[in-house]
Amino acid sequence: MVEKIITANYLEIESGDIYPGEIVIEDGYFKEVIPIACDDEEILDLDYEGILIPGFIDSHIHIESSKLVPSYFAEAVLPRGTTSVIADSHEIANVLGMDGINFMVDNAKDVPFDFYFAAPSCVPATDFETTGAVINCEDIEELLGRDEFVALGEMMNFPGVLSGDEEVISKINIAHEKSKPIDGHAPLLSGADLDNYVSYGILTDHECSTLDEAIEKTLKGVKIMVREGSSAKDMAPLLNENARLNFWIELEKAGVYVGGSLDELLSKAPFDFLVSDDISSKDLLHGHLDKLLKQAISYGLAPNEAIKMVTYNPAKHYNLNSGEIAPDKIANFLLVDNFEDFNIKKVWVHGELVAEDGNSLIEVPDFDLINNFKLNPVDSKDFDVNIEMEYTNSLMDEYTTAEVMVATDGMLITDRISADLLIKNKTVLPDVNKDILKIAVLDRYGKSNITNGFIKGFGIKKGAIASSVAHDSHNVIVIGTNSEDMAKAVNLIVDKKGGLSVVSDDFEEVLELPVAGLMSDKDVNYVADKLKLLGKLTSDLGCELNSPFTTLSFMALLVIPNLKISDQGLFDLNEFSFVDLIPN
């Protein structure tokens with residue numbers, strides 16, 4: 001038995017009270033937590049100045065979106081106070097199936113960090129795209145039988161749930177049989193359809209972007225994950241003071257007893273979790289859950305209420321033996337200076353010091369690469385949108401009407417508009433002056449599919465950007481002002497077997513992602529520096545989006561409304577079918 005004793009002020013998570021205490025740790029667990037009796041005037045000789053609080057738990061994250069493998073991800077977030085995550089590895093599962101999932105689990109074991117996993121429920125997410133693998137019911141049963149898998153991952157195929165799809169319902173039933181919670185994913189679902197979805201025991205959701213949506217789901221028993229990632233940012237509309245006030249008013253109108261004074265209610269967290277979902281390495285350098293906590297507290301939440309959203313609440317929901325400083329719990333905890341500045345001074349995992357003063361103290365060992373990339377070099381003609389014409393009029397400009405995707409900064413949901421575009425030599429041209437660019441998705445699994453389309457919202461005036469990170473099947477996606485630069489951008493990625501690229505007449509740059517075409521084999525500083533450079537170069541092309549590559553990656557996510565694109569076609573989720581780029 002290895003025992004250590006720490007004396008310090010600590011947070012009692014449920015009451016919000018702070019006590020001086022003697023914390024006894026044995027074999028990685030809290031053995032005893034003993035309050036130290038003292039007079040208010042007494043000055044105690046404690047081991048540490050500050051407050052001990054539980055280690056943070058990100059209850060919904062896709063590690064692959066950081067472009068880091070799990071071991072390097074842990075190295076990056078430990079100094080930020082994150083000691084545990086519940087990771088849904090459906091990104092790499094779409095590329096490599098069970099081999100990819102096992103890579104994530106095995107790599108995670110190389111470092112002192114509590115990685116828990118959700119079994120990917122929707123691989124592939126739809127049948128309307130080419131993917132690298134399938135996770136079937138037998139795979140789900142195996143995964144949920146393993147200790148590190150604590151939930152069935154987000155059920156994105158809500159149309160499948162609503163229609164009673166046999167495979168979908170079988171996966172849900174397996175989770176219930178294994179007593180594992182089921183995560184939801186149902187953007188904008190409402191009314192009777194939401195009732196149907198929830199009736200299957202799917203009781204979390206991280207896709208609420210409006211307060212009305214979050215309130216309706218809350219009233220139907222859904223636990224809301226308030227998401228603040230690199231692209232989707234939902235904290236402000238869900239947690240600002242006015243939102244919290246309206247939340248309690250609406251609950252009272254619905255007949256829910258809320259109790260307490262107005263000040264007491266406004267200090268409470270209306271929702272259950274704070275999560276990042278998808279966050280880039282560049283953003284991780286500036287904070288993870290610690291940053292979200294500071295933001296939540298700045299809105300007026302009581303510190304313990306905000307902290308519960310990343311400690312006690314996820315631990316309780318996912319049946320983790322952590323989330324509070326209490327006897328018999330895993331000794332994952334950290335020392336902060338105060339709840340105003342929220343500077344993290346030290347971090348412990350299983351009772352061992354792993355980070356101090358913003359620096360990680362762990363070592364990441366070498367690991368083998370894993371990939372699945374079968375895309376050959378492309379030609380500029382592959383990106384031309386050609387149109388059949390009986391004749392051309394050389395005296396007048398000719399136009400055609402095209403369906404156009406519309407991206408919005410900070411949102412995963414796209415809009416759909418129609419635009420009149422110029423035809424030249426039977427090729428439909430983008431309209432850069434109106435911010436209507438070319439977009440394409442290319443299958444990278446050897447099927448040779450390519451779909452071309454048009455998109456508005458990126459603001460690029462020249463050049464092209466491309467990525468092998470394209471949720472969820474992770475084919476190659478590219479946006480550009482012309483076919484030649486699009487081909488150059490894609491071929492940079494082909495050469496590296498995965499990556500992010502930016503090209504123009506003046507430069508070519510790429511971040512290599514040799515692990516499944518999704519992740520780097522290097523640390524957060526290397527990846528963040530590259531992302532910062534790519535961001536600057538993309539800005540130089542005229543793009544004003546905060547996270548252009550993150551936004552780009554979601555243009556292929558067919559399970560998010562409204563108009564998206566896959567290697568098989570232009571897809572409208574509202575119609576749940578492909579649509580013609582050039583309507584008849």
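Above this text is the structure in question.
Residues numbered from 1 in each chain as written. Predicted model: local features only at pLDDT ≥ 70, side-chain atom pairs only at ≥ 80, totals over all residues. Heavy atoms only, no water.

Trainee: If you had to explain the overall build of the protein chain to someone new, which residues and values would you point to?
Mentor: Looking only at helices and strands, the protein chain features 17 helices and 29 strands. In terms of overall dimensions, the protein chain is globule-like: its C-alpha atoms have a radius of gyration of 25 Å, near the 25 Å expected for 584 residues. Counting only C-alpha atoms, the protein chain reaches 95 × 55 × 45 Å along its principal axes. Here the protein chain, with 584 residues, has 60% of them falling under the buried criterion. Nonlocal contacts in the protein chain, meaning residues at least 24 apart in sequence, comprise 69% of its contacts between residues at least 6 apart. Of the accessible surface of the protein chain, which amounts to about 22,700 Å², a share of 45% is contributed by carbon and sulfur atoms. (Helix = DSSP H or I, 4+ residues; strand = E, 2+ residues; numbered from the N terminus. Rg over C-alpha atoms; globule rule 2.2 N^0.38 Å. Buried < 20%, exposed > 50% of the residue type's maximum accessible area, 1.4 Å probe, protein only. Contact = heavy atoms within 4.5 Å. Areas by Shrake-Rupley, 256 points an atom, 1.4 Å probe, with all protein chains shown as cover.)

Trainee: Residues and numbers for empty space enclosed by the protein, please.
Mentor: Summed over the entire model, instances satisfying the criterion amount to three cavities of 30 Å³ or more. Roughly 80 Å³ of volume is contained in the largest cavity. Of the residues assigned to the lining of the largest cavity, the class counts are four nonpolar, six polar and seven charged. (1 Å grid on protein atoms, 1.4 Å probe; cavity = no way out; pocket = protein on both sides within 12 Å on 5 of 7 lines; lining within 4 Å. Points joined across faces, edges and corners; volume = space filled by probe spheres on them. Nonpolar A, V, L, I, M, F, W, Y, C, P; charged D, E, K, R; others polar.)

Trainee: Describe the packing of helix α7 (residues 211–219) against helix α9 (residues 241–253), with residues and values.
Mentor: For any two helices packed against each other, the geometry comes down to the angle between their axes and how far apart the axes lie. Contact pair α7 / α9: the axes reach a minimum separation of 11 Å and the direction vectors enclose 40°. Judged by the angle between their axes, α7 and α9 are oblique. Pair α7 / α9 crosses with right-handed handedness. Contact with α7, carried on its side by Leu211, Ile215, Thr218 and Leu219, involves Ala243, Asn246, Phe247, Glu250 and Leu251 of α9 and no other residues of that element. Here the residues of the contact of α7 with α9 are counted per class, giving six nonpolar, two polar and one charged. (Axes fitted to C-alpha atoms, helices over the stretch in contact; angles between N-to-C directions. Parallel < 35°, antiparallel > 145°, perpendicular 65-115°, else oblique. Left-handed = near helix turned anticlockwise from the far one by under 90°.)

Trainee: Tell me about a negative patch on the surface, and please be specific about residues and values.
Mentor: Side chains of Asp127, Glu138, Glu141, Asp165, Glu166, Glu167 and Glu177 sit close together on the surface and give a patch of like negative charge. At the level of secondary structure, the elements contributing two or more residues to the negative patch comprise α3 (137–144) and α5 (166–177). Among the elements that take part in the negative patch, α5 stands out by supplying three residues, more than any other. (Patch = residues over 30% accessible without salt bridge, like charges linked within 9 Å, V, L, I, M, F, W, Y side chains within 5 Å. Salt bridge = Lys/Arg side-chain N within 4 Å of Asp/Glu carboxyl O. Lys, Arg positive; Asp, Glu negative; His and termini not counted. Charge placed at Lys NZ, Arg CZ, Asp CG, Glu CD.)

Trainee: Residue-level account of the state of the cysteines, with values.
Mentor: Tallied over the full model, the rule gives zero disulfides. The thiol of cysteine 137 is unpaired, and the distance to the nearest cysteine sulfur, on cysteine 122, comes to 11 Å. (Disulfide = S-S within 2.5 Å.)

Trainee: So what about helix α12 (residues 289–298)? Which residues, and what values?
Mentor: Within the span of α12, buried status applies to Leu289, Asp290, Leu292, Leu293, Ala296 and Ile297. The arc that holds the buried residues of α12, viewed along the axis, is 160°, so those residues lie on one side. Its buried side turned inward, α12 meets β5 (56–61), β6 (82–88), α8 (235–239), β12 (273–275), α13 (303–308) and β14 (344–349). The positive-phi residue at the C-terminal boundary of α12 is glycine 300, with phi of around 115°. (Arc of directions from axis to C-beta.)

Trainee: Before we move on, can you summarise the side chain of lysine 217 with the specific residues and values?
Mentor: In this structure, lysine 217 sits in helix α7. One polar contact links the side chain of lysine 217 to the main-chain carbonyl oxygen of alanine 186, over a distance of 2.7 Å. In contact with lysine 217, not counting residues within four places along its chain, are Ala186, Pro187, Leu188, Leu189, Leu194, Asp205, Cys208, Val222 and Ile224. (Polar contact = N/O pair within 3.5 Å; in protein donor to acceptor, adjacent residues only side chain to side chain.)

Trainee: Describe in detail the packing of α3 against α5, supporting the description with residues and values.
Mentor: Where α3 meets α5, the closest approach of the two axes is 10 Å, and the angle between their N-to-C directions is 15°. The orientation of α3 relative to α5 falls into the category roughly parallel. Here α3 and α5 pass one another in a crossing that is right-handed. Within the contact between the two elements, α3 uses Cys137, Ile140, Glu141 and Leu144 and α5 uses Glu167, Ser170, Lys171, Ile174 and Ala175. The class makeup of the residues in the contact of α3 with α5 is five nonpolar, one polar and three charged.

Trainee: Account for the environment of proline 35, naming residues and giving values.
Mentor: Its place among the elements puts proline 35 in strand β3 (residues 29–35). In the structure, proline 35 is positioned 513 residues away from proline 548 in sequence and 50 Å away in space, judged by C-alpha atoms. Residue contacts for proline 35: discarding those within four places in its chain leaves Tyr10, Pro20 and Gly21.

Trainee: Provide a residue-level description of the sheet that holds strand β27 (residues 563–566), including the pertinent values.
Mentor: Read across the sheet, three strands follow the order β27-β28-β29 without closing on themselves; strand pairing throughout is antiparallel. Edge positions in the sheet fall to β27 and β29 (577–579), since each of these pairs with one other strand and no more. Across the sheet, the mean angle from the axis of one strand to that of its neighbour is 45°, orientation sign disregarded. In the sheet, strand β28 (residues 569–572) pairs with β29 via three bridges, with the strands oriented antiparallel. Bridge assignment links phenylalanine 571 to a residue of β29, and that residue is phenylalanine 578. (Pairing = 2+ DSSP bridges.)

Trainee: An account of unusual backbone geometry is needed here, citing residue identities and associated values.
Mentor: A cis geometry characterises the amide bond from valine 123 onward to proline 124, with omega recorded as 0°. Of note, proline 124 is situated in the loop between β7 (114–119) and α3. Phi at serine 179 takes a positive value of approximately 60°, unusual for a residue other than glycine. With respect to the helices, strands and loops of the structure, serine 179 is situated in the loop between α5 and β9 (182–184). In this structure, phenylalanine 342 takes a positive phi of about 55° despite not being glycine. Relative to the helices and strands, phenylalanine 342 resides in the loop between β13 (333–336) and β14.

Trainee: Which residues make up the nonpolar core, and what values go with them?
Mentor: Core analysis: the largest hydrophobic core is formed by 164 residues, its most contacted members being Ile53, Phe73, Phe115, Leu274 and Phe458. Take this core: its biggest share by element is 10 residues, from helix α2 (residues 90–108). Non-local contacts of phenylalanine 115, meaning those with residues more than four positions away in its chain, are made with Ile63, Pro70, Phe73, Ala74, Val85, Ala108 and Glu148. Grouped together as the second largest cluster of nonpolar side chains are 19 residues, Phe373, Val378, Ala464 and Met486 included. (Core = buried A, V, L, I, M, F, W, Y, C linked by side-chain atoms within 4.5 Å.)

Trainee: Explain the sheet that holds strand β4 (residues 51–54) to me, and be specific about the residues and the numbers.
Mentor: Across the sheet, eight strands lie side by side as β3-β2-β1-β4-β13-β14-β15-β16; this open sheet has mixed pairing. In this open sheet, the two edge strands, each paired with only one partner strand, are β3 and β16 (359–360). Summarising the sheet, strand β15 (residues 352–356) and β16 pair through two bridges and their orientation is antiparallel. Across the sheet, glutamate 356 pairs through a bridge with asparagine 359, a residue of β16.

Trainee: Hey, could you go over the side chain of histidine 90 for me, with residue numbers and the actual values?
Mentor: Relative to the elements of secondary structure, histidine 90 occurs in helix α2. Judged by its relative accessible area of 2%, histidine 90 is buried. Within the local environment of histidine 90, its side chain forms a polar contact with the side chain of aspartate 472, the two groups lying 3.2 Å apart. In this view, histidine 90 contacts His62, Glu64, Pro120, Val123, Glu154, Met156 and Asp472; residues no more than four positions away in its chain are not counted.

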